[in-house]
Amino acid sequence: MARDSYRVNEEMAETRTQPAAALEAAQERVLEIVRELAAEIRGYRALQAVRAEASLERDIGFGSLERVELIVRLEAAFGRALDDHFIQIDTPGDLARAILDTAEGEPAAYSPAPAQSVAEATFIDLGSTTISEVLWRRAQADPDRPHVFMREDDGHEETITYEMLSVDARAVAGGLRDRGVVKGDTVALMLPTSRGFLAAFQGILMAGAIPVPIYPPMRFDRLEEYAQRQSAILADAGAVLMVTIQKALPIAGLLRPLVPSMRHVTTVDELRATGAPWRTPKSDPSDPALIQYTSGSTGSPKGVLLTHANLVANIKAIGTAVELRPDDVTVSWLPLYHDMGLIGSWLFSLVHGIPIDVQSPIAFLTRPERWLWALHRRRGTLSPAPNFAYELCVRKVPDSALEGLDLSTWRSALNGAEPVNPDTIERFARRFVPCGFRREACLPVYGLAETSVALCFPPVNRQPLIDRVDRGDYERDGRAEPAAANDHRPLRFVSVGKALPDHEVRIVDEAGTDLPERHVGRLIFRGPSVMPGYYKKPEATAAITLPGGWFDSGDLAYLADGEIYIAGRVKDLIIKAGRNLVPQEIEEVAACVDGVRRGCVVAFGVAHQETGTESLVIVAETRATEAAEWERIAAAVISHVAGTIGVPPDVVTMVPPGSVPKTSSGKIRRTATKDLYLRGALGRPPRTPLATRLRLAAGVAWGELRPWLALLPRGVYTAYLATVLPPVALLSWALASILPGRRSVRILERVTSRLAMRLAGCRLSVEGRENLSMVGPVLLAVNHTSYADVTSLLALVPRPFVFVAKREVLRWPMVATFVRRAGHLTVERREVQQSVADAGQVAPALRDGEAVLVFPEATFTGAAGLRPFRLGVFKTSVDTGIPIVPMALRGVRHVLPEGRWIPRPGRVHLWIGRPVAPNGTDFAAMLALRDQVSAEIAAHCGEPVLDLVVGGPKKS
């Protein structure tokens, strides 16, 4: 160690004129010493957490005694005395800076570095390669940092931190395990936008299973269609379990008989309430992370299987494309079951460590200005949405809702997931420029489920490029030649830029040969975000796989000046009289007719084998109810399309609202619409069998009534406790105030505790009484699970004891009386120096022959599990030679879980182990004693051993 001291001081002396180099040398040596101590005390997980900016207490797990040992080692390494204030320094980086602030041989003074800003903290490199690992590491690095601002439809907002979500997810993972879910199983998520969705998705990943998000039913009059479609998806995925909300359980019940693989239908609350929480996530980048079903806009949906590596690669590439900044904030109303909401918004924000404001799709659709005001309120910078959302804002947001609206921070308004309309871009910019919106913020993008979510992005801070194409060249020859300046009927396409970093895109003909610029062909792609294949559909995967690892998108596109312009779907292209017609343009033109519902128009071709051409068919929804009005609207559609496109439609079919099939994300399903048209089934309201409707109604009624019935026994029990416990507590407190001597007060608190537990309906049992039959001093070490632990131990431990409590209990009136009168010990947990001094109270109590009870974890959380042990009790044992009796409590967490103040009946069991004597007096003996005692308690407490700093906010 002396040689190390000489080496470090020599390096510092040589670089005295180079403060940065001196700090780097000192910091590296401090980190080296912290790593050595972390490896000895906490093991591999603590070692992983060591960084210059890591908190010694929160991230690495050093308590007061561990810090004392660290200061001793630093003094030896640097050859200088470090004053008492050094024990309060919380990061290795600050320790290094403080050591540099003093000359050799002089006491070092503490001068903390400026606090790390939110922006600087955002980009801590967590080195994670899986989605579940990202959450776990962020909960470790910055547990209290806000992750999601979840806004409910009623306006209530909840701030979800990384640790809160981690605790939720681990609890869900434990509940899944208890229901037999194993690695590789598929689990369906039929949940609305909510904290529950976030917890369930991450919990499924932590359990090693594969989430399959599906959209909840929106319309009760189309349940038959919904059940048929979703049951086909769930059966294809082989889902073994579905997670949904309480009100949707009747609908889930309709699906379950149609899915042979499904064993359970449950809720997030039910999963969280059962089973021990999962430990740290163990996943590999190549593991499946998600099965997202394609929208089905052009055919039957297929399950796109994506790995963790696919998702992380896509998310990181998007971050590069938008030139992500430390102060970015995401705002989203997109449904979490949709790839743009799930991957492009939430998971994007999680991986990059930036906050996200989330509201439900219903909140946006009913009042689109809520999206804009969320951007204003949160100073949002990034927000994606489909084209229709921008159009809805243009048409539906009233002028009165714009007063005071500031959109100047919105620097990337991503427009994707459906064809981008150049008119919408212009209308949106024109409407909201007075609110601070910049045209340069418009970012038309392109992606598909097979590439996770994104594939092409234009440069940021550039206005969208809109290409005017000669209609005749395009329709006859498939060439996108620029239109003349005086051409009043050009085709227009919007640039989506270039492929994301590390991804490739080509435009090829039917033979796979690259096409020159401005020639329309098939868009093919490859890159690290691309799926391994469709789930259990090798034939479908093979159908789009090309030599060299390329995949066919099924989209038409062309290149112009190196940028990509999407021209529609190959399957949607309509060939009429030798002309290639784009259905999106026809639909947009038809939607301009008064009486036609915008976004509810479908154009498709019906082939005629004898002529080799197609009839142009338009299906349009209208709210009109009179037959004469339908005829007028249809005639107007024919006239308007013929005048604009130059080709009159052969058939225009008007249908009532809700007749056009759509995907879960709101896109029209052309293939399904065409199929209904050919079968003559368009406009027919789907018929749900009477038995199904009755069953659903009964299920909904029971779902509404069940929570109230469940509260009845709880209410009766609560009233009973409110009647019997307060008199017992008040009488006991009064007696404790007047009884002479500590011994009589201790007898009173033991009798009162047993009575209270019995009155609460708790069944008490003790195992290993004989191990506490010795007389004389002894240390008792027990796991900490609940506020009711002390009451349970007073009722169960077969000999009197004093316990070590946090000093805050002296501010609790009735509790403080018992603590003082019975002679229990209190310590200061928040001030490190005082905590070290307080630990010295235990030795005198032992010299008086007491049994002293300590919670080595020092705290408990809502998450079940044995937390890392602090060293105080083990140092006392080593210093005094007095053995430690390990004890394990089971059942108290169920009786009074964190966050509840009213207990519930249950079985409480105490296991008492054989005394464990220290073997030595040095630091190594202290660690060995800790490991032996913790192993005994872990084997009998019935809860998993938690890795470093995993769990909820501290509660005691």
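In this report, the structure presented in the accompanying data block is examined. Remember, predicted model here, so these are calculated numbers, not experimental data.

1. Comments concerning the packing of helix H17 (residues 387–396) against helix H18 (residues 422–432)
For the pair H17 and H18, interaxial distance at closest approach is 9 Å and the crossing angle is 45 degrees. When the axis of H17 is compared with that of H18, the two are oblique. As H17 runs across H18, the sense of the crossing is left-handed. Across the interface between the two elements, Asn-387, Tyr-390, Glu-391, Cys-393, Val-394 and Arg-395 of H17 pack against Thr-424, Arg-427, Phe-428, Arg-431 and Phe-432 of H18. Class assignment for the residues of the contact of H17 with H18 results in 5 nonpolar, 2 polar and 4 charged.

2. Observations concerning the sheet that holds strand S6 (residues 264–267)
Strand order in the open sheet formed by 4 strands is S4-S3-S5-S6, with parallel pairing between adjacent strands. Each end of this open sheet is capped by a strand with a single partner; those strands are strand S4 (210–213) and S6. Averaged over neighbouring strand pairs, the angle between their axes works out to 25 degrees when direction is ignored. Bridge analysis of strand S3 (residues 186–190) against strand S5 (residues 241–244) gives 4 bridges, and the strand direction is parallel. Directly across from Met-190, in S5, lies its bridge partner Thr-244.

3. Notes on the packing of aromatic side chains
Taken as a whole and judged by the stated rule, the model has 21 aromatic pairs. Ring centres of Phe-197 and Phe-201 lie 6.3 Å apart, and the angle between their planes is 10 degrees; on these two criteria the pair is classed as stacked. You can see Phe-197 and its partner Phe-201 sitting in helix H9 (residues 195–206), 4 residues apart, about one turn around the helix. Both residues of the pair, Phe-197 and Phe-201, belong to the buried class. Here Phe-604 and Tyr-677 contribute two aromatic rings whose centre-to-centre distance is 5.6 Å and whose plane-to-plane angle is 65 degrees, an arrangement assigned as edge-to-face. Placement of the pair is Phe-604 in strand S26 (residues 596–608) and Tyr-677 in helix H23 (residues 670–678), with a sequence separation of 73 residues.

4. Some remarks on the environment of Ala-200
Following the sequence through the fold, Ala-200 ends up in helix H9. Its relative accessible area of 1% is what places Ala-200 among the buried residues. A C-alpha to C-alpha distance of 6.5 Å links Ala-200 and Val-268, two positions 68 residues apart in sequence. Setting aside anything within four residues of it in sequence, one finds Ala-200 in contact with Val-172, Leu-189, Leu-191, Val-243 and Val-268.

5. Digging into the pattern of salt bridges
Inspection of the entire model under this criterion finds 43 salt bridges. A salt bridge links Arg-151 to Glu-157; the shortest N-O distance between them is 2.9 Å. On the basis of relative accessible area, Arg-151 is assigned to the partly exposed category, the value being 22%. We note a salt bridge from Asp-357 to Arg-378, for which the minimum N-O separation is 3.2 Å. Of the two residues, Asp-357 sits in strand S10 (residues 356–359) while Arg-378 sits in helix H16 (residues 369–378), which places them 21 residues apart along the sequence. The exposure classification of Asp-357 matches that of Arg-378, with both residues buried.

Rules and cut-offs
Residues numbered from 1 in each chain as written. Predicted model: local features only at pLDDT ≥ 70, side-chain atom pairs only at ≥ 80, totals over all residues. Heavy atoms only, no water. Axes fitted to C-alpha atoms, helices over the stretch in contact; angles between N-to-C directions. Helix = DSSP H or I, 4+ residues; strand = E, 2+ residues; numbered from the N terminus. Parallel < 35°, antiparallel > 145°, perpendicular 65-115°, else oblique. Left-handed = near helix turned anticlockwise from the far one by under 90°. Contact = heavy atoms within 4.5 Å. Nonpolar A, V, L, I, M, F, W, Y, C, P; charged D, E, K, R; others polar. Pairing = 2+ DSSP bridges. Phe/Tyr/Trp six-rings, centres within 6.5 Å; stacked < 30°, edge-to-face > 60°. Buried < 20%, exposed > 50% of the residue type's maximum accessible area, 1.4 Å probe, protein only. Salt bridge = Lys/Arg side-chain N within 4 Å of Asp/Glu carboxyl O.

Don't take any of this as a statement about function, it's just geometry.
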